[in-house]
Amino acid sequence: MADVFQIRLEPHGGSFSCAADQTVLDAAIAAGYWLPHSCRAGTCNSCHLTLDAGTVRNAEPAPEGADAVPEGECRTCQAFPLGDLVLHAPTVPQAPGQRVVTAGARVLEVERPSADVAIVRLQVPAASGFRFQAGQYADVLLKDGARRSYSLANVPNEDGLLEWHVRRMDGGRFSPHAYDKLKARDLLRIQGPYGTFVLHDSPAPIVLLASGTGYAPIASLLQTHAEAIAQRGAVLYWGGRQWSDLYAIDSVPAWEARFPGVRLVPVLSEPGADWQGRTGFVHAAVLQDLPDLSGHAVYACGNPLMIDAARAAFTTQGGLPPGHFYCDAFITSKP
Ligand SMILES: Cc1cc2nc3c(=O)[nH]c(=O)nc-3n(C[C@H](O)[C@H](O)[C@H](O)COP(=O)(O)OP(=O)(O)OC[C@H]3O[C@@H](n4cnc5c(N)ncnc54)[C@H](O)[C@@H]3O)c2cc1C
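We now turn to the structure provided with this report. (Residues numbered from 1 in each chain as written. Predicted model: local features only at pLDDT ≥ 70, side-chain atom pairs only at ≥ 80, totals over all residues. Heavy atoms only, no water.)

### What to know about the pairing of strand β10 (residues 137-141)
Now for step 1: In terms of burial, β10 is largely enclosed, as four of its five residues are buried.
Now for step 2: As defined by bridge partners, β10 adjoins strand β11 (residues 147-151) across five bridges and the pair is classed as antiparallel. The partner of D139 across the bridge, within β11, is S149.
Now for step 3: Where β10 folds back on β11, the antiparallel hairpin that results is connected by five residues, among which G145 adopts a positive phi of roughly 95 degrees.
Now for step 4: With four bridges connecting them, β10 and strand β13 (residues 187-194) associate as antiparallel partners. The residue bridging Y137 from the neighbouring strand is Y194, located in β13. (Buried < 20%, exposed > 50% of the residue type's maximum accessible area, 1.4 Å probe, protein only. Helix = DSSP H or I, 4+ residues; strand = E, 2+ residues; numbered from the N terminus. Pairing = 2+ DSSP bridges.)

### Concerning the site of the ligand
Now for step 1: Taken together, 24 residues are adjacent to the ligand, and R148, S149, Y150, S175 and S333 come closest.
Now for step 2: With respect to the ligand, the side chain of Y150 contributes an N or O atom lying 2.6 Å from an oxygen atom.
Now for step 3: Between H165 and the ligand, the recorded distance is 2.8 Å, taken from a backbone N or O atom to a nitrogen atom.
Now for step 4: Computed on the free molecule, the ligand has an accessible area of 980 Å², of which 79% lies beneath the protein chains in the complex.
Now for step 5: Here the shell around the ligand takes four residues from β11, the largest share from any one element.
Now for step 6: Here the residues of the shell around the ligand are counted per class, giving 10 nonpolar, nine polar and five charged. (Near = heavy atom within 4 Å. Polar contact = N/O pair within 3.5 Å; in protein donor to acceptor, adjacent residues only side chain to side chain. Areas by Shrake-Rupley, 256 points an atom, 1.4 Å probe, with all protein chains shown as cover. Nonpolar A, V, L, I, M, F, W, Y, C, P; charged D, E, K, R; others polar.)

### Things to note about the packing of aromatic side chains
Now for step 1: Summed over the entire model, instances satisfying the criterion amount to 13 aromatic pairs.
Now for step 2: A ring pair is formed by W164 and F174, whose centres lie 6.5 Å apart and whose planes are at 90 degrees; its orientation type is edge-to-face. With W164 in strand β12 (residues 161-167) and F174 in the loop between β12 and α2 (175-180), this residue pair connects regions lying 10 residues apart in the sequence. Each member of the pair, W164 as well as F174, is classed as buried.
Now for step 3: Taking the centre distance of 6.3 Å and the plane angle of 70 degrees together, the rings of F314 and F325 count as edge-to-face. With a gap of 11 residues between them, F314 in helix α7 (residues 304-316) and F325 in strand β19 (residues 325-329) connect regions that are remote in the sequence.
Now for step 4: Residue class for F314 comes out buried when judged on its relative accessible area of 0%.
Now for step 5: A relative accessible area of 6% places F325 in the buried class.
Now for step 6: Note that R57 overlies the ring of F80, its terminal NZ or CZ placed 4.4 Å from the centroid. (Phe/Tyr/Trp six-rings, centres within 6.5 Å; stacked < 30°, edge-to-face > 60°. Lys NZ or Arg CZ within 6 Å of the ring centre and 35° of its normal.)

### Things to note about the pattern of salt bridges
Any two side chains of opposite charge can pair, on the condition that their charged atoms come close.
Now for step 1: The final tally for this structure, using the stated rule, is 15 salt bridges.
Now for step 2: Measuring nitrogen to oxygen at the nearest pair gives 3.1 Å for the salt bridge that ties E163 to R121. Of the two residues, E163 sits in strand β12 while R121 sits in strand β9 (residues 117-123), which places them 42 residues apart along the sequence.
Now for step 3: Across the pair R278 and D289 runs a salt bridge, and its minimum N-O distance is 3.0 Å. Placement of R278 in strand β17 (residues 278-279) and of D289 in helix α6 (residues 282-289) is noted, with a sequence separation of 11 residues between them. (Salt bridge = Lys/Arg side-chain N within 4 Å of Asp/Glu carboxyl O.)

### What to know about the sheet that holds β9
Strand pairing in a sheet is mediated by backbone hydrogen bonds. Such pairs are either parallel or antiparallel.
Now for step 1: Spatial strand order, β11-β10-β13-β8-β9-β12: six strands in an open sheet with antiparallel pairing. Across the chains shown, the open sheet's two edge strands, defined by having one partner strand only, are β11 and β12. Within the sheet, the average angular offset between the axes of one strand and its neighbour, ignoring direction, is 40 degrees.
Now for step 2: As paired strands, β9 and β12 are joined by seven bridges and run antiparallel to one another. Paired with Q123 across the bridge in β12 is L161. (Axes fitted to C-alpha atoms, helices over the stretch in contact; angles between N-to-C directions.)

Written as structure tokens, this is what we have:
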């Protein structure tokens, strides 16, 4: 039996047990403390916390492309305790009763709205206890133990209904299978929910930023918190190479009619000759329209390069407080 240590969260004051062979993040979530995290693979840096006392062992080998963990910090998704710990955790979202569940999921339907996006609708047994919050994601577990993460695009519900928007990546393990072969009645093994890309209470107007299937969790946030988002005022900048990449838009007016109070700005990086709308990098379009972001909250999701560029530009040129930039980067196992 592995040793078990106590981890205390300051200034929150909560504490939980963590076995020596368990990551700090897994133990925290199991105890109902949803410490900030995103990729859970050691590369997105969302889960770093300051280590006030104690020492940890980091998973080896270090994930490919991971930054070194700065002195005095703990990358909670990769850290195993070597004794009792005290972590400085300024925000500790708690979701009472929410737990990570592993369940069989039956495919109900696969829609293919574009040449490389599959909308996969699934059902887990309601009795499995799988419950999620808007903006979270679930993993599909592959036979050899590998896993892939997909944001949940629908409204949280009691019926076990889940929706993924999967972009097909050539040569990938799961996404080509999802696009080319997955069909109604197929069975998948999934685990979740995970992630902390949820709507945070604030009166600040919102900038939503998506590239490609980064629209998925934003669709869930928009449908689930329609009233609160409309009251704050929001604009969605959705970037793709071509119009067909924005697979959930028939026309801008039709989309805006579905989400009153939210403006939509499509931004294409490789548009056809007939495109009259915005072009270039999606995050650059935000700064052209809103050079002062100091009073905003930004929710960004999709391509990790877009997320990094947006965070850097918004917090430096745009004056956005770093704590008001919320994101989920769709990090792949191989860049
Ligand atoms: C929190 C989170 C949420 C996500 N949500 C979504 C979502 O909602 N929708 C979505 O579409 N994606 C999402 N992703 C990304 C998703 O998890 C997968 O990474 C993505 O679908 C690719 O998986 P795959 O198995 O198809 O490809 P992988 O097998 O992971 O391969 C990825 C790419 O690397 C290349 N590759 C693989 N092995 C090698 C190698 N040895 N050498 C060189 N190249 C190689 C492949 O050709 C492919 O292009 C999310 C990721 C995270 C972390």
